[in-house]
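What follows is each chain in one-letter form.
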Amino acid sequence: MRVIPSQDERDLAAMCRSVLAADLEPDAQWKALASAGVLGLVVDGSLGDIGVFCVEAGRALCPRVVQSTVYAALAVDWLGVGSAWLPRLTSGEARGTCALFNPRDAADATPRVRVRRDEDTWRVSGEVRYVADADRADVIITTTDGGVVAVDTAANGIDIEALPIMGGFPVFTVRFDDVLVDEPVPVDDEQLRRTANAIVALDCLDLVGVGEAVIDRTVDYTKMREQFGRPIASFQAAQHIVADMHIALAAARLAAQSATFWIGRGRTATRETAIARMRAAEIKKVTLDAHQLHGGMGYVVDTGLHLFSERARVLSTLGGGADIAAKWLVGDAQ
């Protein structure tokens, strides 16, 4: 696995950072990212390229609907379901999201939705929870007891209800009541787990981006803030905290890059994904250390630091936290 980014990866990161840093309304930002080819990385790039974007998305607190759409396109491409949606998702014409695993444990892909065949049509019923950006999605990729389906959210029989969670993160309960779908696509457990692992690993890279932004802010602030007539960055205690933050970030970055590297080369890589999740969960502590070093200013909403800590708390939990990920190591053969 290459640790030092290639020139192409550096150029991609710079382009993503430039687009995300522009002062654009959400719809304009969506169009800019689509025009830049970010949504098309599923077909025109690699999993590593998507990971480069996810890091920048975390740094800029990019609206999660962008990643939800990329993940939906990834599921369509890898699982062979709803292929007609792929060009629409990768061009930015449509938005999407996934409900492929238990939000409390990404290793659990037990279907929550039932499929029924009625002559030459298929219909699904059931409920999935904590589906990100379901309110804005044109298609939801989900598992059923008969295979994976792509559900058009404009179809009759769909109810979407917001779930209140920390940070106002956009997740929803989606109920399907005899919704018409195309024929389900059978997938084996390994295909489904590889896709789930890819999504978890990419979210770990989002957390890496969060950690990078938080550390940059914190270092700048400790150089500016003074106590006893000198910057707090000169105090050894503050230096030790920042050093620990950097160590946690480096470990999270390397573990997540390892997971995406091996998944991108066809492996399920459950072990690597578990380690990436456990390391990325430390970013939550990085944000808390940042609050401490900011002092009282760290708890002023106007600084925006809380937005990074809230994102870290959510992304280090959805799909399973470090304790859940540790269980994935048991019996993993890949």
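Residues numbered from 1 in each chain as written. Predicted model: local features only at pLDDT ≥ 70, side-chain atom pairs only at ≥ 80, totals over all residues. Heavy atoms only, no water.

The protein appears in an unreviewed UniProt entry as Acyl-CoA dehydrogenase from Mycolicibacterium moriokaense. As stated in UniProt under Sequence similarities (unreviewed entry), the record for the protein gives "Belongs to the acyl-CoA dehydrogenase family." (UniProt positions renumbered as here; feature names shortened; annotations may be inferred.)

(A) Up close: the sheet that holds strand β5 (residues 147-152). An order of β1-β4-β5 is seen for the three strands of this open sheet, with the pairing classed as mixed. Looking at strand neighbours, the two that pair on one side only are β1 (96-99) and β5, the edges of this open sheet. Along the sheet, successive strands turn relative to each other by an average axial angle of 20°, direction set aside. When strand β4 (residues 139-144) meets β5, the two strands line up antiparallel, connected through six bridges. What sits directly across from Ile 140, in β5, is Val 151. (Pairing = 2+ DSSP bridges. Helix = DSSP H or I, 4+ residues; strand = E, 2+ residues; numbered from the N terminus. Axes fitted to C-alpha atoms, helices over the stretch in contact; angles between N-to-C directions.)

(B) Inspection of the layout of surface pockets at higher detail. Taken as a whole, the second largest pocket encloses approximately 520 Å³ of empty space. In this structure, the second largest pocket is lined by 30 residues; those nearest its centre are Cys 98, Ala 99, Phe 101, Pro 103 and Tyr 130. The greatest single-element share of the lining of the second largest pocket, amounting to six residues, is contributed by strand β3 (residues 121-132). Tallied by class, residues from the lining of the second largest pocket come to 17 nonpolar, six polar and seven charged. (1 Å grid on protein atoms, 1.4 Å probe; cavity = no way out; pocket = protein on both sides within 12 Å on 5 of 7 lines; lining within 4 Å. Points joined across faces, edges and corners; volume = space filled by probe spheres on them. Nonpolar A, V, L, I, M, F, W, Y, C, P; charged D, E, K, R; others polar.)

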